[in-house]
Structures are given as structure tokens and as C-alpha cells.
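Residues per chain are reported as follows:
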Amino acid sequence: MERGNSVSKFTATAVLLTLLTAARPALAGEQLVLIVSASSKIEQLDSLEVRKLFLGLTVTHNGNRLRPVLNEADDHVKEIFLQNIVSMSDITYDRRLLRLSLIQGQTQPTAYKSITLLINSVAADPSAVSYAWAKDVAHETRIRILRVLWYD
Amino acid sequence: MPTLSLRIPWLCLVTSLIWVNSAFAQHEHSSSEFEVFVAAEAFHGTGQTHAGDADPWIDADLVFGLTQHQFRVFGEYYITPDERDLERFQMGFEFVPDTVLWLGRFHQPASAWNTEHHHGQYLQTDITRPYIERWEDEQGIIPQHITGLLLESRQSIGNDGAIQFYGGIGAAPALTNGALDAIDLIGSNPGRHRLSVTARLAYLPEYVGATSMGLLFGHDALTASNARILPSLRSNQADLSIYGAYIDWNEEPWRIVGATYYVDVKLDQTTRNESFISGYLQVERQLLKQFTIFGRIEDSARMQESRYVALFNDRDGDIEIALHRKALGLRWDYTRRQALTIELSHVVSLDQRSNEVRAQWSAAIP
């Protein structure tokens, strides 16, 4: 009885580990990551710098002004961006960007609805900073992941 | 400050365009911005009131900007059926992040309202602006458009906060018949334009937040350039000193905006100086389904005794100078970048009382 119990525990653990291993790619797909061009010299950006950048304030690295690029490829990414990065509702964020234009003529961030176009844009500009699902950029050699912004 | 001739603003304009063009030519990329804010308004007032200069039935505000590394060029062109004005034209250089020195025609930073909303109606929740914040061509009594240098800076303080400073120096409007006449970059400039010094020192609890509060200061030397002003004002010049405080508090779904100004009017030594106070408090609350309700109270003290203020009241039927006003309204952002607003107000002016209703459609394009 005692021995049978040990075998059951072993089997259960093995099944659990197998399931977890099988689930890893799915979990990795639910990570939103901060990305730059592979040729970018940016090493890291903290949360405040990321927020400043996407709210239209000036963020520089080695004297170069960074350029925010919005990912609007799917609604879930936009929702996470609004909730976790800029902490604003959609309408408030839109007005904030419009206000920047009105107050100083500041250029609004470029937005892409296609992940391919977004990756091409970021890859081509060492000053560009954006965000994307980890699975969309995992095998993209022209893109470098700075860190995870959000995970499920 | 010596009288500025027409040539000086034009020289600034041309020089800056050449400067910016050459600066941009040295770089590979530049980014540009173009937005249009449009609005259409219907107005009804009791008694003798009718829509004034501040209530055009349609208006468009064109905003354009270019940014290239530390260089910036920015303009705002405002169009109504009766008016076409280059309201702002500024060339800037960003020395360090969030510290910019501008040259050109700008909105003076000691106005809590106008530096936030400028001429774009869509970004203003309500339809009207407080009377004390009116533009010069709407019989505004405080100079709002200055041509010269503007320094703006935002620097971190503490863990999350920031200190924001604006300082402007340049040519003030001239005091013509019943209105202040600011330097016009593309038109004629009658009258004598003397020195204006304005400043704002603000605290932001969050560096990236929209909440701020601070102190305002302005000093404008005005010279009367019309013989008809002399009998009314009994002075050739009026030097305004403005001291104010403001708060713009944002905590969704609430917003509270309030400002108060103490205005000291120094006249020629042969006459008595005068002063008055004006202020307002506006509360906004977002509701469900993109509705926003708002209310504003404006009040003043000693404005009715001021000879300077009386200069701006031309008794043509529209209310130029309000002593008190209560306004209540509802805005509906029914789709992206378009809104419908209705505003009811009760106004006590220098010579009449009126109830007014306004309805407005406003939008931002694209």
C-alpha cells in the first residue's frame, strides 16, 4: 500500500512536469516584450522612461532622442499597453497625444496595425522603441528584446 | 522697449525658416505633425445679447509641427468667417530633455487656461472659456500673445514629481481702441509694443501626470495708441502686473480646474492706480457612455470700478466683460475625436444680465 502510493506520486509528478513542459510555448506566447532594433545601442529602459516615451516626453539615449512606435496589431496588445504601460483609458491617451500636438506641435507616435510592418520599422531605426508579443519576435534576428513588460 | 516695426517679426520669420531648413537638411530624417481642430456652434441669448467674437458659428484651428532631433518648429493658424490669424509661430531648441527655448509668437505662460487649451475647441470640455482668459480679439483684458523668447523646462523632483517652469519675455500688445492688439507676424502692427514679462512655476505630483498646480506672474507695459482712450483712461499708458495661482487636478473620472488672478493697473502718476481680482473654478465628471458633465463659476471683485476694464466694453450687444458667470453643460464624445456639447450659462456683465445657451459640435482631424 505504502509502495503503491509512492508510485502514484511519482506518476502524478511526471504527468504534471510533462504538462508544464508542453504548456511552456503557450505561456511564452503570452508575454508582451519591449523591443528595439538589433542595431540599437539601448541597453535597458526602466518603467518610468517607457511611460515618458509613450506619453510624448523626451527620452534620450547617448544623446539620441528615442522614437516610440505603437503596436495596434491586435486589441489585446492595445488593452495591455493602455492598462500597464501608460495607465490611461483609450480616450484619455488619445487626448493626451492630441494635446501634445496642440501645445507644442509634438509629433505623435507612429502606430502600426500590421506586426510585419512594425517589426520592419523598428528593425530599420536604432532609435525606435516598441512592444510586441514575445512569440512574434522570438525568431526575428533584426529585433532585440529588452525585457518583459507583461505576462499572463 | 522700443517700438517694434513690421520688419522685425518678418525678419524673425524668414531667418528662422532659413535656420530650420538648413538644420533639417543636415539630418536624415524629420518627423512632422498636422492636426486640424474644427468646431461649429449655435448660440442663443436673452435680452440684447448676441453671439460675439468668441462665438463664431464655425472655426478651424490648424496646428503644424516639425521635430528633428533638438530642433522644433511649430505653428497654429486659426480661421473663422471673420478672422484669419497666425496665432502662434515658434522655433525651438531642446537643450536637454524637456527644456526648450522658443523664439517667436507664443501664448503667454501666466494663463492657466490658454496654455492648456489654446485655440483647439475639441480638447476643451466646455464651449466657453472664462472671461478673464479671453483672447485679445475677443475683448480680452489680459495680453495673451507675446512675441519674443519663451523658456520652458520640466525637471524631476523627489521620487515621482516634477517642477515645471515657463518664462517669457517679449513684445506686449498695444492698447488700441477697445482692444489689445498683439504683434501680427503676417499683418500690420499699429501702435507701440512695449515689454512683457510672464512666468509660471508649477509643481506636478507625477512627472508624467496631467495634474499640476502653481503660481503665475505677468507684467505687461501697455501704451495707448488711440486718442479716444485718453479721456476714458485718463492715462497714456497702463502697466499691468498680474499675480495668480492655479490648480489643474486630474483623477479620472474627475477634473478640477481653478485659477485666480490679482491684476494691478498702474496708470500715469497724475491718476490713481487701480486693481481688480478675477477667478474661476470648473469641475468636470466623466459619466458612463462617454458623457461628461461640467460646471463652472466665475467671479470677480472691483472690475466694475476699473477704468481700464471699461475700455473693453463697447456696448454692441454681445457681452465683453462678465463680472460673474455660472455655467453648466454636458458633453458627449459620441465617436472617436468628435463630440457634441451643450452649455447653459447665466452672465452678469458691466451693463446687463443674460441667460445663454450654446450647442457645439467639435472634432479633431485626422
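Residues numbered from 1 in each chain as written. Chains lettered and ligands numbered in written order. Predicted model: local features only at pLDDT ≥ 70, side-chain atom pairs only at ≥ 80, totals over all residues.

Colleague: Describe in detail the overall build of chain B, supporting the description with residues and values.
Modeller: The helix and strand tally for chain B stands at 4 helices and 18 strands. Going through the 366 residues of chain B one by one, you find that 43% of them count as buried. Sequence separation of 24 or more characterises 59% of the internal contacts of chain B that already satisfy a separation of 6 or more. (Helix = DSSP H or I, 4+ residues; strand = E, 2+ residues; numbered from the N terminus. Buried ≥ 20, exposed ≤ 12 C-beta atoms within 10 Å, placed from the backbone. Contact = placed C-beta atoms within 7 Å.)

Colleague: Can you tell me about the overall build of chain A, naming the residues and giving the values?
Modeller: Helices and strands together make up the secondary structure of chain A, namely 6 helices and 7 strands. Secondary structure of chain A in N-to-C order comes out as α-β-α-β-β-β-α-α-β-α-β-α-β. With 152 residues in all, chain A has 30% of them scored as buried. Within chain A, counting contacts between residues at least 6 apart in sequence, those at least 24 apart form 73% of the total.

Colleague: Could you give an account of the interface of chain A and chain B, naming the residues involved and the relevant values?
Modeller: Each partner contributes residues to the interface: chain A has 22 residues there, and chain B has 21 residues. Sorting elements by how many residues they give to the side of chain A that touches chain B places helix 4 (residues 90-104) of chain A first, with 9 residues. Classifying every residue of the side of chain A that touches chain B by side-chain character gives 7 nonpolar, 10 polar and 5 charged. (Nonpolar A, V, L, I, M, F, W, Y, C, P; charged D, E, K, R; others polar.)

Colleague: An account of unusual backbone geometry is requested, with residue identities and associated values reported.
Modeller: Residue and element names in this part refer to chain B. With an omega dihedral of 10°, the bond running from E252 to P253 counts as a cis peptide bond. Position of P253 among the secondary structure elements: in the loop between strand 12 (237-251) and strand 13 (254-266). A cis amide bond links I365 with the next residue in sequence, P366, at an omega value of 5°. Mapped onto the secondary structure, P366 falls in the segment after strand 18 (353-365).

Colleague: Please provide a residue-by-residue account of the sheet that holds strand 5 (residues 110-112) of chain A, values included.
Modeller: Residue and element names in this part refer to chain A. Ordered by their spatial adjacency, 5 strands build an open sheet running 5-4-6-1-7, and the pairing between neighbours is mixed. Each edge of the sheet is formed by a strand with only one pairing partner; in this case those strands are strand 5 and strand 7 (143-151). Across the sheet, the mean angle from the axis of one strand to that of its neighbour is 25°, orientation sign disregarded. Seen against the sheet, helix 3 (residues 75-85) touches strand 1 (31-37), strand 4 (67-71), strand 6 (128-133) and strand 7 and runs at an angle of roughly 75° to strand 7. Along the sheet face, helix 5 (residues 115-124) touches strand 1, strand 4, strand 5, strand 6 and strand 7 and points at about 145° away from the line of strand 6. (Pairing = 2+ DSSP bridges. Axes fitted to C-alpha atoms, helices over the stretch in contact; angles between N-to-C directions.)

Colleague: Can you tell me about the environment of L66 of chain A, naming the residues and giving the values?
Modeller: Residue and element names in this part refer to chain A. Along the chain, L66 falls in the loop between strand 3 (64-65) and strand 4. Since 22 C-beta atoms lie within 10 Å of it, L66 is described here as buried. As a C-alpha pair, L66 and D125 span 59 residues in sequence and 9.7 Å in three-dimensional space. When near neighbours in sequence (up to four residues on either side) are disregarded, L66 contacts L53, V59, T60, H61, S127 and V129.

Colleague: Can you break down helix 4 of chain A residue by residue, with the values?
Modeller: Here helix 4 of chain A contains 15 residues, and its C-alpha end-to-end distance of 22 Å stays within 8% of the 21 Å for a straight helix at 1.5 Å per residue. Residues of helix 4 of chain A that are buried: L97, S101, L102, I103 and Q104 of chain A. In the core, the buried residues of helix 4 of chain A are packed alongside strand 1 (31-45), strand 2 (58-68) and strand 3 (71-80) of chain B. The first or second residue beyond helix 4 of chain A is G105 of chain A, which carries a positive phi of 70°. (Expected span 1.5 Å × (residues − 1).)

Colleague: Explain the pairing of strand 14 (residues 274-286) of chain B residue by residue, including any values.
Modeller: Side-chain direction in a regular strand flips from residue to residue, so the side chains alternate between the two faces of the sheet. Residue and element names in this part refer to chain B. Taken together, the 12 bridges between strand 13 and strand 14 define a ladder with antiparallel strand orientation. Each residue of the ladder has a partner; that of I256, found in strand 14, is V283. Relative to strand 15 (residues 291-301), strand 14 is paired through 10 bridges, and the arrangement is antiparallel. Considered in strand 15, the bridge of G279 is made with D299. Connecting the antiparallel pair strand 14 and strand 15 is a turn made up of 4 residues, with K289 showing a positive phi of about 60°.

Colleague: Help me get a handle on the confidence of the model for chain B, residues and values and all.
Modeller: Residue and element names in this part refer to chain B. With 88% of its residues at a pLDDT of 70 or more, chain B has an overall mean of 86. Here helix 1 (residues 7-25) is the element of chain B with the lowest mean pLDDT, 47, and strand 15 is the one with the highest, 96. Confidence drops under pLDDT 50 across residues 1-28; counting only partners more than four residues distant or on other chains, this segment forms 29 contacts. (pLDDT = per-residue confidence, 0-100.)

Colleague: Provide a residue-level description of the nonpolar core, including the pertinent values.
Modeller: Formed by 51 residues in total, the largest nonpolar core has its most connected members in L175, A238, I242 and V309 of chain B. When neighbours within four sequence positions are excluded, A238 of chain B is seen to be in contact with L175, L222, L233, V265, L267 and Y308 of chain B. Within the second largest apolar cluster, 28 residues are counted, among which are I85, Y131, A132 and V137 of chain A. (Core = buried A, V, L, I, M, F, W, Y, C linked by C-beta atoms within 7 Å.)

Colleague: Hey, could you go over the confidence of the model for chain A for me, with residue numbers and the actual values?
Modeller: Residues of chain A with pLDDT of at least 70 account for 81%, and the chain-wide mean is 82. When mean pLDDT is compared element by element in chain A, strand 6 of chain A scores highest at 94, while helix 1 (residues 2-28) of chain A scores lowest at 51.

Colleague: Lay out the environment of A111 of chain A with the relevant residues and their values.
Modeller: Its place among the elements puts A111 of chain A in strand 5. Sequence separation between A111 of chain A and R147 of chain A is 36 residues, and the spatial gap between their C-alpha atoms is 21 Å.

Colleague: So what about the pairing of strand 13 of chain B? Which residues, and what values?
Modeller: Residue and element names in this part refer to chain B. Direction of pairing for strand 12 relative to strand 13: antiparallel, over a ladder of 13 bridges. Directly across from N250, in strand 13, lies its bridge partner R255. The hairpin formed by strand 12 and strand 13 contains 2 residues between the paired strands.

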